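Listed below, chain by chain, are the residues.
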Amino acid sequence: MSRLERKSETKMVPVPSHSIVPERDVNKAPILECSHLGIDFGGLTAVNDFNLTVGRTEIAGLIGPNGAGKTTVFNLLTKVYQPTRGTILVDGKDTHGMNTVQVNRAGIARTFQNIRLFDKLSVEDNVKIGLHNQIKYPMWSGIFRLPGYWKKEKLAHESAMELLHIFGMEDLANHRAGSLPYGAQRRLEIVRALASNPSLLLLDEPAAGMNPSETADLMENILKIRDTFHIAIMLIEHDMSLVMGICEGICVLNFGEIIAKGTPSEIQNNPKVIEAYLGSQKKEG
Amino acid sequence: MDFSSLLLGLLDNLIRGLSLGSVYAIIALGYTMVYGIAKMLNFAHGDVIMVGAYVCFFAISTYGLPPVIGILLSMVVCTALGIVIERLAYKPLRQAPSLAVLITAIGVSYFLQNAAQLLWTSSPKVFPSVVPKGNLTLFDGQLSISYLTIVTIVVCVIIMLVLTFFTNSTKMGKAMRACSEDKGAAQLMGIDVNATISITFAIGSALAAVAGVLLCSAYPSLTPTTGSMPGIKAFTAAVFGGIGSIPGALLGGLLLGIIEIFAGSYISTQLSNAIVFGVLIIVLLVKPAGLLGKKIREKV
Amino acid sequence: MTKLRHMKKSTRTSFFTYGLVIVAFLIIQILRGTVGIGSLLEGQLIPICAYIVMAVSLNLVVGISGELSLGHAGFMSVGAFAGCAMANGLQNLVPSEPLRLVIAILFGALMAALAGFLIGIPVLRLNGDYLAIVTLAFGEIIKTILTNLYIGVDANGLQASFVNDTTDLAEGGIALIKGPMGVSNTSARISTFVAGFILVMVALIVVFNLVNSRAGRAIMATRDNRIAAESVGISVTKYKLMAFTVSAALAGAAGTLYGCSQITFSANKFDFNTSILILVFVVLGGLGNMWGSVIAATALTILPEALRQFSDYRMLVYAIVLILVMLATNSPAIRSFFLRIVRGGRNEDGPSRSAKKEAAK
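Chains are numbered independently. Their residues run from 1 in the order of the written sequence. Written order decides the labels, with chains lettered from A and ligands numbered from 1. pLDDT decides what is reported in this predicted model: residues at 70 or higher carry local features, side-chain atom pairs at 80 or more are listed and counted, and totals for whole chains, interfaces and linings draw on all residues regardless.

1. Some remarks on the overall build of chain A
For step 1, the next point in the chain: Per the convention used, a helix needs a DSSP run of H or I reaching at least four residues, while a strand needs a run of E reaching at least two, with both numbered from the N terminus. When helices and strands are tallied, chain A shows 11 helices and 10 strands.
For step 2, the next point in the chain: Within these notes, the globule rule equals 2.2 Å times the number of residues to the 0.38 power, and the radius of gyration is based on C-alpha atoms. A compact globule built from 285 residues should have a C-alpha radius of gyration of about 19 Å, and chain A, at 20 Å, falls within 12% of that.
For step 3, the next point in the chain: Residues are scored as being in contact if the C-beta atoms we place from backbone atoms lie within 7 Å. Contacts in chain A between residues far apart in sequence, at least 24 positions, make up 69% of those at least 6 positions apart.

Written out as structure tokens, the structure is:
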């Protein structure tokens, strides 16, 4: 049973749609529906009235100036913070009352802005930890090295290698995760998240610290991941070439509120977005 | 009649609890200040108490000095001891993992206990009270409070007031608070972090001397291990109140003393320690950062 | 072949540790059979085994799971009391001593695991120093409870009382636990060095196999990065609790082994100082380093005995050695100073090695 052999349901039609959900996903239930999502820290409203729908196989971008609340949205989706208001439906299921672990089982996996790998463990072990809920055997089986242990460990090894292959990282399998260069650490985080078999993958600044050629590779790989696993990907990124290049729907956040939603070309021409990024024209004039 | 004697009993226990709690609070202040600034559990703190008590004992009993001189002498010795310990054992480990520092502190604790045993043998010394014996009687002699009890509580209140003033209003106190928030930033602001940490140890150790003298005046049997159990309990008190918080140490110490005395009087003396620790566990489960501690949220 | 390759390092470490213990065991057995090892060391053999198991099990909590526990001796205590009470109770039913010891150890481990599980549920919700202080508190509570517990068995069955001894045993009854007096092993002392050796091996196998399995990886994941572990669906509490319970079970087994080697012991034997002693073994041996724990536990159990010629000074020397070792291994300045002495003035490796360590952090 290979993880990469998921059957494709529909033919990919990379048609940009005017709705934030791409056309090919329109007749399918969305993977993520947020309505009126919000959180307050003390008296401060960090995110307010956040409404967003992400399609089954959509690549969605979440952009905005620093401090706009983008990572907070990810933290709300993965229940690192419990929302103060609003609902989050993952695959049609309300995640109210769920914790981070349960949300992952419901289908959301993520990477982190400040990389959070298991530094002291090997690259392969990092991926195997991602496979934790995919390849299971009881503790006893491990302690007493029962047949189940050998079988499942072999499977875990093969799956881990297969996943590492996406980024061509098999050769690094025995390296300590903490010793990898920055770009490789970011890629490993994506692999680990993928290993937990998500239907929605959240990438928090995946291209941060990468050079243009690495970024180009990353873009290709993000598309490849979407096309092989048929999952939705939502990403936060400051590199506009990446966002405009691969995102089908873009959502712009400023001061915790959505100021614009639409396709890349719509966003590029939206005066509110230009104002948020460059400041008001009137003030200068 | 029965009711009033019950009430008097409660009052008596409350005052005894406050007195014991005051001693715990004074020790806990030392723990909490050191923890706040150096982020380390100074397990040797309890043994500094013991050294302070011995110094005072010899000053009074052997050299016949007046109690006030004895206390001052023991404060001076403990202050010096605290600074020396910090410089020799903890300062080289500023960057080391916290467990390494913890084990070193335990090593220092062993060292002090065993050095005391060599110097002064393990046979208990009968500690002379530094406060004149006698009682204050109230309610026609139905309630008597020893002068020592009163002095202990008063000393604790004074120390608390002085420390609060010191940390809030003096330059040095502000430097201490700055260091406990962020050492790097404090250094950039021109604060001598090493000196500040030394002073914190000095103050904590001087307080330990006072606590040692008061403790041994109340429980006059002095041995090299006298400091360990009160040390652990005061440590518990500091955590109870929220480690790093000065009012927390006071609150934790007083509550711990009161719980211990009440548990001993009304439930069982054998079980009083277990009850104290049981209450601590329950408090921490309800308030994981202690009564007055701040919960720090990890940034994601 | 791939299997061997990808597990190479961890397998190598575990086999090295097994080999170390087996070789040490064989050497000691040969010496005992020929020239003898002296009554002092002879008497320390079983305690050393018990302390090794304690150190290895605490290393599972502190090194692998990353939580500081200051009450580990409490689980040793539970195991010692439960196991020895069981051994004494069974002395007529099970005449075979090795079998009785096995049953006692399993029972001691089970009771300690139960205690570890029950204590772990509330404790593991806390973090860092707060968790440490609560384990300390539980250790003290266990000590107090066992000091006030009276259990006896006679023809009428099991009798127990708390705080005051109200067990009124009929003739021929056995007082299994006698409050502050602790446990007296009425029958012979049934622990043997061979049993100790086997227990050490079992503890090492359990810990190594656990660490190199799915559960072990999950435990280390929660240690290295709690939030990341949760983000891939690992329940932090569940795996911390697992490490805590397995560790408590091993400590309980060690407790039974130790208890059954003593004529009598009381709960005061397993106090805060014992917990600290074991923590010292773990830290000196290296966090997560099992063979380090084995060596540290052995060396530091023998050291005070070996220092007996210094009589009164021995514990003082012990304390100084402890402080110096911690300073030497953890302070960059002092480490390079020592290296300079060792290398006779040539100090090429010193700074770079410490710098590497800094960078690794």
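2. Quick word on the overall build of chain B
For step 1, the next point in the chain: Within chain B one finds 11 helices and four strands.
For step 2, the next point in the chain: Here the C-alpha radius of gyration of chain B, 19 Å, is about what a compact globule of 300 residues would show, namely 19 Å.
For step 3, the next point in the chain: With respect to the principal axes defined by its C-alpha atoms, chain B has extents near 65 × 50 × 35 Å.
For step 4, the next point in the chain: The burial tally for chain B puts 50% of its 300 residues in the buried class. Counting other C-beta atoms within 10 Å of a residue's C-beta gives its exposure: the residue is buried at 20 or more, exposed at 12 or fewer, and partly exposed in between, where C-beta atoms are placed from the backbone.

3. Overview of the interface of chain C and chain A
For step 1, the next point in the chain: Of the residues lining the interface, 25 residues belong to chain C; the matching set on chain A comes to 34 residues.
For step 2, the next point in the chain: Elements with a minimum of two residues in the side of chain C that touches chain A: helix H1 (2-6), helix H7 (193-211), helix H8 (214-224) and helix H9 (226-231) of chain C.
For step 3, the next point in the chain: The element contributing the most residues to the side of chain C that touches chain A is H8(C), with eight residues.
For step 4, the next point in the chain: When grouped by side-chain class, the residues that make up the side of chain C that touches chain A number 11 nonpolar, nine polar and five charged. Three categories are distinguished: nonpolar for Ala, Val, Leu, Ile, Met, Phe, Trp, Tyr, Cys and Pro, charged for Asp, Glu, Lys and Arg, and polar for the others, with Gly belonging to the last.

4. Here we look at the sheet that holds strand E10 (residues 257-262) of chain A
Residues and elements named next belong to chain A.
For step 1, the next point in the chain: The sheet built from six strands is open, its strands ordered E6-E7-E8-E3-E9-E10 with mixed pairing. The sheet is open, and its two borders are formed by strand E6 (108-110) and E10, each paired with just one other strand. For this sheet, the mean angle separating the axes of adjacent strands, direction not counted, is 20°.
For step 2, the next point in the chain: Pairing between two strands requires that DSSP report at least two bridges joining them. In this structure, strand E3 (residues 59-63) lies alongside strand E9 (residues 249-254), joined through four bridges in parallel fashion. In this analysis, axes come from line fits to C-alpha atoms, helices being fitted only over the stretch in contact, and the angle between any two N-to-C directions falls in the range 0 to 180 degrees.

5. Overview of the sheet that holds strand E2 (residues 44-54) of chain A
All names here are of chain A.
For step 1, the next point in the chain: Taking strand neighbours across the sheet as the criterion, the four strands line up as E2-E1-E4-E5 in an open arrangement whose pairing is antiparallel. At either end of the open sheet lies a strand with only one pairing partner, and these are E2 and strand E5 (93-94).
For step 2, the next point in the chain: Here two bridges tie strand E4 (residues 85-90) to E5, and the two strands are oriented antiparallel to one another. Paired with Val90 across the strands is Lys93, a residue of E5.
For step 3, the next point in the chain: Against the sheet, helix H1 (residues 70-77) engages strand E1 (32-41), E2 and E4, with an angle of about 70° to E2.

6. Concerning the packing of helix H3 (residues 39-64) of chain C against H7(C)
Residue and element names in this part refer to chain C.
For step 1, the next point in the chain: Closest axis-to-axis distance for the H3/H7 pair is 8 Å, and the angle between their directions is 10°. Judged by the angle between their axes, H3 and H7 are roughly parallel. On H7, the residues that touch Leu45, Ile46, Cys49, Ala50, Ile52, Val53, Val56, Ser57, Leu60 and Ile64 of H3 are Phe193, Gly196, Phe197, Leu199, Val200, Ala203, Leu204, Val207 and Val211.
For step 2, the next point in the chain: Taken together, the residues of the contact of H3 with H7 sort by class into 17 nonpolar, two polar and no charged. In these notes the angle categories are as follows: under 35 degrees is roughly parallel, over 145 is roughly antiparallel, 65 to 115 is roughly perpendicular, and the rest is oblique.

7. Concerning unusual backbone geometry
For step 1, the next point in the chain: Located in the positive-phi region is A:Phe255, a residue other than glycine, with phi close to 50°.
For step 2, the next point in the chain: In this fold, A:Phe255 is placed in the loop between E9 and E10.
For step 3, the next point in the chain: Under the C-beta neighbour-count criterion, A:Phe255 is labelled partly exposed, with 15 such atoms within 10 Å.
For step 4, the next point in the chain: Phi is positive for B:Thr121, which is not a glycine, with a value near 60°.
For step 5, the next point in the chain: Summarising the element assignment, B:Thr121 is placed in the loop between helix H4 (98-120) and strand E1 (125-126).
For step 6, the next point in the chain: Residue classification places B:Thr121 among the exposed residues on the basis of 12 C-beta atoms within 10 Å.

8. Some points on helix H11 (residues 272-286) of chain B
For step 1, the next point in the chain: What a helix is expected to span follows from its residue count: subtract one and scale by 1.5 Å. Given a rise of 1.5 Å per residue, 15 residues ought to cover 21 Å, and the 21 Å separating the end C-alpha atoms of H11(B) matches this to within 8%.
For step 2, the next point in the chain: Turning to H11(B), its buried residues number three or more, namely B:Asn273, B:Ala274, B:Val276, B:Phe277, B:Leu280 and B:Leu284. Projected down its long axis, H11(B) carries its buried residues within an arc of 160°, all on one side. For H11(B), exposure combined with an orientation more than 90 degrees from the buried face picks out B:Ile282 and B:Val286.
For step 3, the next point in the chain: Lining the buried residues of H11(B) we find helix H9 (228-241) and helix H10 (246-267) of chain B together with helix H6 (128-147) of chain C. What the arc covers is the set of directions going from the helix axis to the C-beta atoms.

9. Regarding the domain arrangement of chain A
Interfaces are often sized by the amount of accessible area the parts lose when they come together.
Residue and element names in this part refer to chain A.
For step 1, the next point in the chain: All domain edges in this entry derive from an automatic or database-based domain assignment. We note that the domain assignment places domain 1 (3-107 + 198-284) and domain 2 (116-195) within chain A.
For step 2, the next point in the chain: The partner domain 2 presents 12 residues to the 14 residues of domain 1 that form the contact.
For step 3, the next point in the chain: Broken down by secondary-structure element, the contributors of at least two residues to the side of domain 1 that touches domain 2 are strand E7 (200-204) and helix H7 (212-229).
For step 4, the next point in the chain: Counting residues per element, the side of domain 1 that touches domain 2 draws most heavily on H7, at five residues.
For step 5, the next point in the chain: For the side of domain 1 that touches domain 2, the class distribution of residues is eight nonpolar, two polar and four charged.

10. Examining the environment of B:Phe240
Residue and element names in this part refer to chain B.
For step 1, the next point in the chain: Relative to the elements of secondary structure, Phe240 occurs in helix H9.
For step 2, the next point in the chain: Among the residues examined, Phe240 registers 31 C-beta atoms within 10 Å and is labelled buried.
For step 3, the next point in the chain: Sequence-wise, Phe240 and Pro224 are 16 residues apart; in three dimensions their C-alpha atoms are separated by 27 Å.

11. Section: the nonpolar core
For step 1, the next point in the chain: In this usage, the nonpolar core is the set of buried Ala, Val, Leu, Ile, Met, Phe, Trp, Tyr and Cys residues whose C-beta atoms join them within 7 Å. Formed by 289 residues in total, the largest nonpolar core has its most connected members in A:Leu200, B:Ala53, C:Cys49, C:Val53, C:Ala55 and C:Leu257.
For step 2, the next point in the chain: Ranked by the residues each element gives to this core, the list is headed by H3(C), at 16 residues.

12. Points about the interface of chain C and chain B
For step 1, the next point in the chain: Listed by partner, the interface residues are 34 residues for chain C and 35 residues for chain B.
For step 2, the next point in the chain: Of all the elements in the fold, those that place two or more residues in the side of chain C that touches chain B are H6, helix H11 (272-285), helix H13 (314-330) and helix H14 (332-342) of chain C.
For step 3, the next point in the chain: Broken down by class, the residue content of the side of chain C that touches chain B amounts to 26 nonpolar, four polar and four charged.

13. Comments concerning the pairing of E3(A)
All names here are of chain A.
For step 1, the next point in the chain: With five of five residues buried, E3 lies mostly within the body of the structure.
For step 2, the next point in the chain: Residue alternation in E3 divides its side chains into two sets, Ile59, Gly61 and Ile63 and Ala60 and Leu62, and both sets are buried.
For step 3, the next point in the chain: The pairing of E3 with strand E8 (residues 232-236) spans four bridges and is parallel. For Ile59, the partnering residue across the bridge sits in E8 and is Ile233.

14. Describing the confidence of the model for chain A
For step 1, the next point in the chain: Residues at a pLDDT of 70 or more form 91% of chain A, whose mean pLDDT is 87.
For step 2, the next point in the chain: In predicted models, pLDDT denotes the confidence assigned by the predictor to each residue on a 0 to 100 scale. Low pLDDT (under 50) marks residues 1-19 of chain A, which in the prediction has 23 contacts with non-local residues, meaning those over four places away or in another chain.

15. Some details on the packing of H3(C) against H11(C)
Residue and element names in this part refer to chain C.
For step 1, the next point in the chain: Interhelical geometry of H3 versus H11 gives an angle of 70° and a closest axis separation of 9 Å. Viewed along their axes, H3 and H11 adopt a mutual orientation that is roughly perpendicular. The way H3 lies across H11 gives a crossing that is right-handed. Seen from H3, the contacting residues are Tyr51, Met54, Ala55, Leu58, Asn59, Val62 and Gly63; seen from H11, they are Ile278, Leu279, Phe281, Val282 and Gly285.
For step 2, the next point in the chain: A class-by-class count of the residues in the contact of H3 with H11 yields nine nonpolar, three polar and no charged. When the near helix sits turned anticlockwise from the far one by under a right angle, the crossing is termed left-handed; a clockwise turn instead gives a right-handed crossing.

16. As for the environment of C:Ser231
For step 1, the next point in the chain: Take C:Ser231: it is sitting in helix H9.
For step 2, the next point in the chain: Excluding residues within four positions of it along the chain, C:Ser231 makes contact with A:Thr78, A:Thr100, A:Asn104, A:Ala109 and A:Arg110.

17. Overview of the pairing of strand E2 (residues 157-162) of chain C
For step 1, the next point in the chain: Taken together, the six bridges between strand E1 (residues 149-154) of chain C and E2(C) define a ladder with antiparallel strand orientation. Within the sheet, the bridge partner assigned to C:Gly152 lies in E2(C) and is C:Gln159.

18. Looking at the environment of B:Phe111
For step 1, the next point in the chain: Counting through the fold element by element, B:Phe111 comes out in helix H4.
For step 2, the next point in the chain: Each C-alpha atom of the pair B:Phe111 and B:Ala44 lies 9.0 Å from the other, and the pair is 67 residues apart in sequence.
For step 3, the next point in the chain: In contact with B:Phe111, other than residues within four places in its own chain, are C:Leu316, C:Ala319, C:Ile320 and C:Ile323.

19. Overview of H4(B)
For step 1, the next point in the chain: Here H4(B) is 23 residues long and its end C-alpha atoms lie 33 Å apart, about the 33 Å a rise of 1.5 Å per residue gives.
For step 2, the next point in the chain: B:Thr121 lies just past H4(B) and shows a positive phi near 60°.

20. So, the confidence of the model for chain B
Residue and element names in this part refer to chain B.
For step 1, the next point in the chain: When the pLDDT values of chain B are averaged, the result is 89; 98% of them are 70 or greater.
For step 2, the next point in the chain: Averaged pLDDT values for the elements of chain B fall to 79 in strand E2 (residues 135-138) and rise to 94 in helix H3 (residues 67-90).
For step 3, the next point in the chain: Among the scores for the predicted complex, ipTM is 0.86 and pTM is 0.87.

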